[in-house]
Structures are given as C-alpha cells and as structure tokens.
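Geometric and topological summary
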Amino acid sequence: MTVTIHRGQNQIGGNIIEISTAKTKILLDVGLELDDEKNKKLPDIKGLFDSKGFDAVFISHYHGDHLGLAYHIHKDIPLYMGEKSAKVIQASDAYKRVPTIEPYGFLKHKEKIVVGDIIVTPYLCDHSAFDSYMLLCEADDEKIFYTGDFRGNGRKPYDWLLSELPKKVDKLICEGTTLSRDGYVAISEQELESQAVELFRENNGPGFILQSSMNIDRIVTMYRAAKRSERIFLQELYMADIATAAGSSIPNPAFNDVYAFITSGTRHEGLKKYSHRMGKDRIAKTHFAMCVRTSMLQYIKDLSKKMSFEDGVLVYSFWSGYKETEDMKHFLSECENLGLKIVTLHTSGHADYESIKKLVNTVNPDEIIPIHTEAPEKMIFST
Ligand SMILES: [Zn+2]
Ligand SMILES: [Zn+2]
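Notes on the structure in this doc start here. The shown structure was predicted, so the numbers you read here are calculated from the model rather than taken from an experiment.

Let's shift gears to the pairing of strand E17 (residues 341–344). With 4 bridges joining them, strand E16 (residues 313–316) and E17 adopt parallel strand pairing. Residue pairing for E17: Tyr316 is matched across the bridge by Thr344.

Have a look at this one:
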C-alpha cells in the first residue's frame, strides 16, 4: 500500500490521507483547515470533487478538520462514518438550517469493511467528538493503522481500547496534537467532574457552563456535576437537539432533571418537541447549571435582571487559546461585570505523551508517520 498525506502532517487539522494499492484508492478523513481563510477554495485533489476518482472515503469523527470537505465530495464516492456521529452532525446541520451529509455506510467497532482489495477495520476510541474511530487498513499483507484524534483520559477505559487494538502494524499514522506542549499531562474527565462538583457546591448562586455543544463527554461530565450539586441542568435548544441525537443515555431533556430553553422567539417551534422546557421566569426561580454559548450574552444579561447573580460562577470549559479571541474576551469580561466568577475547568480531547507512548507500544509499528501536530519531531518513543 502507498500512503500519501495530502494534508495535515505538520499542522493541526485539515487531515487528508490517501491509502492506495494498484487497484484501490481510499481516503481517510477529508478535513478543513482550522484557518478559515485557507478554506475559501477546495484543495486540488483529482477525482474527489468533480468525478469519482476514489473508491471510498472514511471519516474518523465529526470535527470539521476531519469531516469538513465531505459536504463537497462527488456523490458517487461512498462515505463511511459512525452512525451516532452522523446523527449528531445531522442534528447540528438541521439546527443551523444548512445542507447535511448522508453516509453510504456506518463504522462499527471491529466490523470489517471491504473496499476493492483493502480491508478497513474501525476501532471505537475516546475523543472530544462522540463516536470516534481509529482505522486499520490491510492489503498486500501489510497493515497501516491511523489513530484519527484520540485520548486516554476520557470516560471509556483506555486499557480496554489498547487491549482491542492490533498487536503489530507496519505503519502507524499517529496524531500528536499535544506534543508541542512540553510536559503536558491530561487530567481525566472524572477528575474534571469532581472539580466541577466542588465548585458548584462552594458557589451557591447560578452556574453557567461555557462549553462545546458537540462535546458529548463534557455534557455528561457537567450534567453529573450539576446533579451531584443538586442543580437542574439546562440545555439551550441546539445542545438539546444534539444530545438527543447522540442517544438516550446522553443527558437530554427526556431526563427528569434536564430542561431545554431558547434564547430567541424564532426557535419556539423547535422547543415545543420537549415537554421538559423552561422559560426565563421559571429559570430565574430555579437552582441551575446552564450550558451557554458566547452568542447568548444578551440572554444572560436579561436573566440577571430577574434574579440575583450573587455567588454565581461561569465555568470556562474550552481550550485556553480561545480566551485570546476578541469575541471570547468580550464575553468573559461582560460576565465578570455581571458578578460571575470565571473558573477554567477543562481537559484535552487529545492524548498526552504517555497515552501516545502506550498506544505505540501496543501496536508496535515499524514506522511512525506523525500527523495533526506542530511538533512531529517529538514523536519519538523508546519501545
Ligand atoms: Zn482534529
Ligand atoms: Zn477532533
């Protein structure tokens, strides 16, 4: 097999990896670059957009830097991704009222998919996107293993994943997002939950959580922290729709202590499908933990006129780099002006050095090809 990294090798995001034999050509991920400016034009890859030059495209997970170009690929190229992952992205697109994607087939843990003379086996892994997969490609007596994005600090036991993985591969295409952060050790999602419980118990005013609505594991963490600190968990319609699409075990307004709300009257129809819903007046009389986005600033201000924000907190649960953007700076300083204490509680969706090392030792590759990293030179492990 031949590996061609079209994009994503010395940068974070925009992954496009081609695996080919004499007869078959497939792509693993077709991502957008994180820099919007670079995405104004489709990349020059023959047979991807205007004709059927590939036998299949496999998407490891729904983050835009892996999935983004899937909206534009030629309609005759079969697209594969996780089923729940597809449901989540379809719910997100429906809320945004934009066209969505319809996969040809779904990835399931250890269920082989045969495309020409390449056999692809997905392995369910943990990442800040729900229903993410690593992908093993086999042909010509050769094994190439692609990690997608993954971590060892999530709720799924990492030892379980490692025990499931192949024990010997020829080539490992491995993500290294955190390698540029020297000495970085990722705390676990459970540890994060404990910190949030403590914070919500110590500060008895309203609780706000600024987090990604697409980060399902974080929704679970914050819901559990809300429950343990005896708060009602409030999801704005966008998150409620996504959490519902992710499956009945994910906290959503069908839970007895989760309620949906809206910040704009134009969304009233969408809200009506949830019997657990609350308006601002009722929310103001409730002890809650509310998930918010930066676009909800006016709503939060309006709420502050209906209730006391004394002893209130806002949990910042994103990568710290976003704090430098103008939008975020403005949001956080306005929240502070309303009397909210800002506390950062976050952990990475990407593996730290030790977790990567464990994976490398497990799959025992002859060659490592770093991807999704600004520090490929640091992907060196003594095995
Ligand atoms: Zn990524
Ligand atoms: Zn990702």
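Having put the structure on the table, let's press on.
Turning our attention to the nonpolar core. Soluble globular proteins tend to bury their nonpolar side chains together. Core analysis: the biggest nonpolar cluster contains 61 residues, and Leu48, Val57, Tyr62 and Phe233 have the highest contact counts within it. The biggest single contributor to this core is helix H6 (residues 237–246), with 8 residues. In this view, Tyr62 contacts Leu67, Met81, Ser85, Val88, Ile89, Ala129, Phe130, Met214 and Ile216; residues no more than four positions away in its chain are not counted. By size, the runner-up hydrophobic cluster in this structure holds 26 residues, among which are Val292, Tyr299, Leu314 and Phe318.

Let us now look at the packing of helix H4 (residues 189–202) against helix H5 (residues 216–228). The interhelical angle for the contact between H4 and H5, taken along N-to-C directions, is 35°, at an axis separation of 8 Å. Every pair of crossing elements has a handedness; the one defined by H4 and H5 is right-handed. Residues Glu189, Leu192, Glu193, Ala196, Val197, Phe200 and Arg201 of H4 lie in contact with H5, whose contacting residues are Asp217, Arg218, Thr221, Met222, Arg224, Ala225, Ala226 and Arg228. A breakdown of the residues in the contact of H4 with H5 according to their chemical character gives 7 nonpolar, 1 polar and 7 charged.

Here we come to the coordination of the zinc ion (ligand 2). Within the protein, the atoms that donate to the zinc ion (ligand 2) are His61 (NE2), His63 (ND1), His127 (NE2) and Asp149 (OD), at distances of 2.1 to 2.4 Å. Along the chain, the residues donating to the zinc ion (ligand 2) fall in the pattern H-x1-H-x63-H-x21-D. A separation of 3.4 Å is found between the zinc ion (ligand 2) and the zinc ion (ligand 1), which are bridged by Asp149. Of the two residues, His63 sits in the loop between strand E4 (56–58) and helix H1 (64–67) while His127 sits in the loop between strand E8 (118–125) and strand E9 (132–139), which places them 64 residues apart along the sequence.

So, about the coordination of the zinc ion (ligand 1). Protein coordination at the zinc ion (ligand 1): the donors are Asp65 (OD), His66 (NE2), Asp149 (OD) and His372 (NE2), at 2.1 to 2.2 Å from the metal. Coordination geometry of the zinc ion (ligand 1): the 4 donor atoms subtend angles of 84 to 169° at the metal centre, consistent with an arrangement described as irregular. Read N to C, the donor residues that coordinate the zinc ion (ligand 1) are spaced as D-H-x82-D-x222-H.

This brings us to the side chain of Glu138. As for its placement among the helices and strands, Glu138 is situated in strand E9. Glu138 gets classed as buried once you look at its relative accessible area, which sits at 19%. Within the local environment of Glu138, its side chain forms a polar contact with the side chain of Lys143, the two groups lying 3.5 Å apart. Among all residues touching Glu138, those that are not within four sequence positions of it are Met1, Lys112, Asp117, Ile118, Ile119, Thr121 and Lys143.

For the pair helix H2 (residues 83–96) and H6, the least separation of the axes is 8 Å and the interaxial angle reads 155°. Between H2 and H6, the interaxial angle falls into the category roughly antiparallel. Relative to H6, the crossing made by H2 is right-handed. Here Lys84, Lys87, Val88, Ala91, Ser92, Tyr95 and Lys96 of H2 lie close against H6, whose contacting residues are Leu237, Tyr238, Asp241, Ile242, Ala245 and Ala246. Among the residues forming the contact of H2 with H6, the class breakdown is 8 nonpolar, 1 polar and 4 charged.

Time to look at H2. The end-to-end C-alpha distance of H2 is 20 Å, a good match for the 20 Å that 14 residues give at a rise of 1.5 Å each. Those residues of H2 lying buried are Ser85, Ala86, Val88, Ile89, Ala91, Ser92, Asp93 and Tyr95. Buried-residue contacts for H2 involve H1, strand E5 (79–82), strand E6 (105–107), strand E13 (232–236) and H6. Downstream of H2 by one or two residues, Arg97 has phi in the positive range, about 60°.

All right, on to the environment of Leu345 then. With respect to the helices, strands and loops of the structure, Leu345 is situated in the loop between E17 and helix H11 (353–363). Separated by 87 residues in the primary sequence, Leu345 and Val258 place their C-alpha atoms 21 Å from one another. The residues contacting Leu345, other than those within four sequence positions of it, are Leu192, Gln195, Ala196, Leu199, Arg218, Met222, Val315, Tyr316 and Ser317.

One open sheet holds the 6 strands; their spatial order is E1-E2-E3-E4-E5-E6, and the pairing between them is mixed. The open sheet is flanked by strand E1 (2–7) and E6, the only strands paired with a single partner. Taken over all neighbouring pairs, the strand axes of this sheet differ in orientation by 25° on average, direction set aside. Bridging between E5 and E6 involves 3 bridges; their strand directions are parallel. Looking at the pairing, Met81 lines up with Phe106 of E6. Strands E5 and E6 of the sheet are contacted by H2, whose axis makes an angle of about 95° with E5.

Across all of its chains, the model carries 14 aromatic pairs by this definition. On the numbers, 5.7 Å between centres and 80° between planes, the contact of Tyr80 with Tyr104 is edge-to-face. Of the two residues, Tyr80 sits in strand E5 while Tyr104 sits in the loop between H2 and E6, which places them 24 residues apart along the sequence. Classification of Tyr80 by relative accessible area gives buried; the value is 10%. Among the residues examined, Tyr104 registers a relative accessible area of 62% and is labelled exposed.

We now examine the sheet that holds strand E14 (residues 258–261). With parallel pairing, 6 strands are arranged side by side in an open sheet as E14-E13-E15-E12-E16-E17. Looking along the sheet, the strands with just one partner apiece sit at the ends: E14 and E17. Strand-to-strand twist across the sheet, computed as the mean angle between neighbouring axes with direction ignored, equals 25°. Against the sheet, H4 contacts strand E12 (207–210), strand E15 (288–292), E16 and E17, and its axis sits at roughly 165° relative to E16. Sitting on the sheet, H5 touches E12, E13, E14, E15 and E16, and the angle it makes with E13 is about 145°.

Here is what the cut-offs are and how they apply
- Residues numbered from 1 in each chain as written.
- Chains lettered and ligands numbered in written order.
- Predicted model: local features only at pLDDT ≥ 70, side-chain atom pairs only at ≥ 80, totals over all residues.
- Heavy atoms only, no water.
- Pairing = 2+ DSSP bridges.
- Helix = DSSP H or I, 4+ residues; strand = E, 2+ residues; numbered from the N terminus.
- Core = buried A, V, L, I, M, F, W, Y, C linked by side-chain atoms within 4.5 Å.
- Buried < 20%, exposed > 50% of the residue type's maximum accessible area, 1.4 Å probe, protein only.
- Contact = heavy atoms within 4.5 Å.
- Axes fitted to C-alpha atoms, helices over the stretch in contact; angles between N-to-C directions.
- Left-handed = near helix turned anticlockwise from the far one by under 90°.
- Nonpolar A, V, L, I, M, F, W, Y, C, P; charged D, E, K, R; others polar.
- Donors = N, O, S within 2.8 Å, 3.2 Å for Na, K, Ca; no water.
- Tetrahedral: all angles 85-135°; square planar, octahedral: opposite > 155°, others 65-115°.
- Polar contact = N/O pair within 3.5 Å; in protein donor to acceptor, adjacent residues only side chain to side chain.
- Parallel < 35°, antiparallel > 145°, perpendicular 65-115°, else oblique.
- Expected span 1.5 Å × (residues − 1).
- Phe/Tyr/Trp six-rings, centres within 6.5 Å; stacked < 30°, edge-to-face > 60°.

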